[in-house]
Amino acid sequence: MRYYLLLSVFVLSIWTCANDSKPVENKGESSKDVVAQEEVVEVQDTFTPDAVSDYNATPVVDPITLPFDYDTTQWTDVGLIEPTIVMDLKYATEDNFVETKMYDCARCFLRPLVAERIIDIHYHLREKGYGLKMFDCYRPGPIQWALWEKVPDPRYVADPRKGSMHNRGGAVDLTLVDSEGNELDMGTPFDFFGRRAYHEYQDHTKEVLSNRKLLKETMEAFGFKAIRTEWWHYSYVAKSYALDDMVWECE
Ligand SMILES: [Zn+2]
């Protein structure tokens, strides 16, 4: 049944592409993605809400037993809703390119529709023996300013006045894990700035190329768009969101 529904969705995707695509500018990626900003993104929402909820129901959270400490009309805490997604949020540690802990605690917030797609992808991958690990999700406006003050160089950090899809809650940095939570080999670490992180760079092992292909094809099938220069970054392009300053609570 699920395969049938998935097939239907792909057929719908092809149909939608032919009939209802519209170009949308890929706004303000972090500037390591400068080239990506110049590309015109073909946008189509390949999934109807009905198809998604039939295909893969998101686990139900009882608001009485689990009170939320954020505005659920604007945000979803992905790790709270789906704890089997591995969280390795690098900006909540010193293991990042500014070598500074930027988030007070590690929580992966996304816009509700984007989060729903990510959880769908995770369930889809689990049927194949894989899963998702998140490196970064929504990045609050104030954190973008703090990053910019540390590294005021648009090659590495997006100007906060313009912001990036991360500042809008519509982008993710992520990788694949196996059934035991071990990262698959993608050829470079997260936030490796250089050609070996580009999708077009082919001088990797077959295993690396195959892992990247699985991630890219899966993300694209669920409405996300890659950028040329970072194998880990995907933006949900079917809907645009405003920049936001929400900073999540930490216990
Ligand atoms: Zn990113």
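Structure first, text after, so check above.
Residues numbered from 1 in each chain as written. Predicted model: local features only at pLDDT ≥ 70, side-chain atom pairs only at ≥ 80, totals over all residues. Heavy atoms only, no water.

This paragraph deals with the overall build of the chain. Each helix and strand in the chain was counted, giving eight helices and nine strands. The contacts of the chain with a sequence gap of at least 6 include a subset with a gap of at least 24, amounting to 72%. Carbon and sulfur atoms make up 53% of the accessible area of the chain, which totals about 12,300 Å². (Helix = DSSP H or I, 4+ residues; strand = E, 2+ residues; numbered from the N terminus. Contact = heavy atoms within 4.5 Å. Areas by Shrake-Rupley, 256 points an atom, 1.4 Å probe, with all protein chains shown as cover.)

Summed over all chains, the structure comprises 13 aromatic pairs. Relative to Phe-193, the ring of Tyr-156 has its centre 5.6 Å away and its plane inclined at 50 degrees; by these criteria the two rings are tilted. One end of the pair, Tyr-156, is in the loop between helix H6 (141-150) and helix H7 (165-168); the other, Phe-193, is in the loop between strand S7 (171-178) and helix H8 (206-221), and 37 residues separate them in sequence. Residue classification places Tyr-156 among the partly exposed positions, given a relative accessible area of 31%. Members of the aromatic cluster, each reached through a chain of ring pairs, are Phe-68, Tyr-70, Trp-75, Tyr-91, Tyr-103, Phe-109, Tyr-138 and Trp-248. Over the ring of Trp-75 we find Arg-111; its NZ or CZ atom is 4.0 Å from the centre of that ring. (Phe/Tyr/Trp six-rings, centres within 6.5 Å; stacked < 30°, edge-to-face > 60°. Buried < 20%, exposed > 50% of the residue type's maximum accessible area, 1.4 Å probe, protein only. Lys NZ or Arg CZ within 6 Å of the ring centre and 35° of its normal.)

Spatially, five strands are ordered S4-S6-S7-S9-S8 in an open sheet, and the strand pairing comes out mixed. The open sheet terminates on both sides in strands that have one partner only, identified here as strand S4 (86-87) and strand S8 (224-227). Pairing analysis gives three bridges linking S7 to strand S9 (residues 230-236), with the strands arranged antiparallel. Paired with Ala-171 across the strands is Ser-235, a residue of S9. Here helix H5 (residues 112-126) sits on the sheet and contacts strand S6 (130-136), S7, S8 and S9; the angle it forms with S6, its principal contact strand, is near 145 degrees. Along the sheet, H8 contacts S6, S7, S8 and S9; its crossing angle with S7, the most-contacted strand, is approximately 130 degrees. (Pairing = 2+ DSSP bridges. Axes fitted to C-alpha atoms, helices over the stretch in contact; angles between N-to-C directions.)

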